[in-house]
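Descriptive structure summary
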Amino acid sequence: MRPRSLLLVSLLALGSSPAPFFAPNPRTGQQADTIERKEYDLAPLKNAKLPIIWVLGGPGSGKGTQCDRIVQKYGFTHLSTGDLLRDEVKSGSKRGRQLTAIMERGELVPLEVVLDLLKEAMLQKVGTSKGFLIDGYPRELSQGKTFEEQISPCTLVLNFDASPETMTKRLLHRAQTSGRVDDNEETIKKRLQTFLTHSKPVVEHYADKCRTISAENDPDVIFNEVQQCLDKVVASA
Ligand code: ADP
Ligand code: MG
């Protein structure tokens, strides 16, 4: 049976409980391992009606850098899906080990798994948070749609726009200190390609609530523009 039909059959068999995910086996490349899924009570998140800001931009466009500043000024909770995934890997869990193989190939992790990690982190912070900065999500349109269906509509999309040359240069520089398995020349190329393929439909679909900011400038200049967008969000919250 082909992997896709296998997935379909298991989805049907499981009914309404969360479907497991089949990650490719790191050695054989076959879709084999099942990534475990959990169920969550999302009512606290839905009821809180906090601003939710998605932060888009290619690898190395400076999302993390700007998010740090946003957290300082606005007190939002910064959730980087990349960091959540890397933390899961570090935890040594089975789910983490399966993720390692996917991330080392520079590919996107299955949507449901990223969403589970986001739900867990958001539920943990919902009582004390002023809003959520979701950094590096959605990586593709289906991720955005599923997020809004299951959690809550997003308030604003901040899109950091930098050229592939700029992003590559910054990532190679970051590689000297980041220790990230994916900050190497080969994986960077693959990540940029993944980003370029998947991000355009996201930006187009959410055009109404998307603000694109040039990320070529220095961080202060970029943050000035960011503040103009966020001051409005805070004023109308
Ligand atoms: P992302 O989270 O989008 O992958 P980071 O914030 O980690 O990007 O930034 C990637 C690298 O580029 C880091 O080394 C960071 O210090 C640097 N950087 C971020 N923003 C800028 C900027 N506006 N100008 C120059 N370098 C930047
Ligand atoms: Mg980052």
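All of the points below concern the structure found in this document. Along each chain, the written sequence defines residue order, and numbers are assigned to residues from 1. Each chain takes a letter, starting from A, and each ligand takes a number, starting from 1, following the order in which they are written. Residues qualify for local features only when their pLDDT is at least 70, as the model is predicted, and side-chain atom pairs are given and counted only at 80 or more; totals for whole chains, interfaces and linings, by contrast, use all residues. To get the side-chain values, take all heavy atoms of the structure and skip hydrogens and water.

A few points about the overall build of the chain
Segments assigned H or I by DSSP are reported as helices when at least four residues long, segments assigned E as strands when at least two residues long, and all are numbered from the N terminus. Helix and strand content of the chain: 10 helices and seven strands. Looking at the chain as a whole, 45% of its 237 residues are labelled buried. Residue pairs at least 24 apart in sequence account for 73% of intrachain contacts in the chain once pairs closer than 6 positions are excluded. For every residue, the accessible area (1.4 Å probe, protein chains only) is compared with the maximum for its type, and the residue is labelled buried under 20%, exposed over 50%, or partly exposed between those bounds. Any two residues having at least one pair of non-hydrogen atoms within 4.5 Å are treated as being in contact.

Considerations on the environment of Q66
Mapped onto the fold, Q66 is located in helix α3 (residues 63-74). Sequence spacing of Q66 and A215 is 149 residues, and the spatial spacing of their C-alpha atoms is 9.8 Å. Setting aside residues no more than four positions away along its own chain, Q66 makes contact with F160, P219, I222, F223 and V226.

Some remarks on unusual backbone geometry
Here the residue pair Y137 and P138 is connected by a cis peptide bond, since its omega of 0° sits within 30 degrees of zero. Following the sequence through the fold, P138 ends up in the loop between β5 (132-135) and α7 (141-150). The backbone phi angle of K49 is positive, close to 50°, even though this residue is not glycine. Relative to the helices and strands, K49 is located in the loop between α2 (43-48) and β3 (52-57). By relative accessible area, which is 69% here, K49 ends up exposed.

Considering the side chain of Q227
With respect to the helices and strands, the residue Q227 is situated in helix α10 (residues 219-235). With a relative accessible area of 17%, Q227 lands in the buried category.

Notes on the nonpolar core
Side-chain atoms within 4.5 Å link the members of a nonpolar core, which is a set of buried Ala, Val, Leu, Ile, Met, Phe, Trp, Tyr and Cys residues. Among the nonpolar cores identified, the biggest contains 31 residues, and I52, W54, V109, L118, M122, I134 and F147 are the most heavily contacted of them. Broken down by secondary-structure element, the contributors of at least two residues to this core are β3, α4 (81-90), α5 (94-104), α6 (111-125) and β5. With seven residues, α6 is the single largest residue contributor to this core. With residues near it in sequence (within four places) discarded, W54 still touches I134, Y137, P138, G144, F147, E148, C154, L156, V157, L158 and Y206. The next biggest cluster of nonpolar side chains, apart from the first, holds 24 residues, and it includes V55, F160, L192 and I213.

What to know about α10
For α10, with 17 residues, the first-to-last C-alpha span of 24 Å sits near the 24 Å given by 1.5 Å per residue. Looking at α10, one finds that the buried residues are I222, F223, V226, Q227, C229, L230 and V233. The secondary structure elements touched by the buried residues of α10 are β3, α3, β6 (156-161) and β7 (210-214). To estimate the expected span of a helix, count its residues, drop one, and scale the result by 1.5 Å.

So, the site of ligand 1
Whether a residue is near a molecule or strand is decided by its heavy atoms; if any one of them lies within 4 Å of it, the residue is near. Near ligand 1 you find 14 residues, and of these G60, K63, T65, R174 and N217 are the closest. We call two N or O atoms a polar contact when they sit within 3.5 Å, provided that within protein one can donate a hydrogen and the other can accept it, with sequence-adjacent residues counted only if both atoms are side-chain atoms. Measuring from an oxygen atom of ligand 1, one finds a side-chain N or O atom of T65 at 2.7 Å. For ligand 1, an oxygen atom lies 2.6 Å from a polar atom in the side chain of R174. If ligand 1 stood free it would expose 550 Å²; the protein chains cover 74% of that surface. Counting only elements with at least two residues in the shell around ligand 1, the list comes to α3, α8 (164-178) and α10. For the shell around ligand 1, the element with the most residues is α3, which contributes three residues. Taken together, the residues of the shell around ligand 1 sort by class into three nonpolar, seven polar and four charged. In these tables, accessible area is a Shrake-Rupley quantity obtained with a 1.4 Å probe, and a residue counts as shielded only by the protein chains included in the view. Any residue that is not Ala, Val, Leu, Ile, Met, Phe, Trp, Tyr, Cys, Pro, Asp, Glu, Lys or Arg is counted as polar, Gly included; the first ten are nonpolar and the last four charged.

Focus: the pairing of β3
Counting buried positions over the six residues of β3 gives six, a clear majority of the element. Alternating residues of β3 divide into I52, W54 and L56 and I53, V55 and G57, and every residue in both groups is buried. The criterion for strand pairing is that DSSP finds at least two bridges linking the strands in question. Pairing between β3 and β5: four bridges, direction parallel. When the bridges of β5 are listed, I53 appears paired with L133. Two strands pair when backbone bridges link them, and β3 and β6 are joined in this way by five bridges, in the parallel orientation. Of the residues in β6, the one forming a bridge with V55 is L158.

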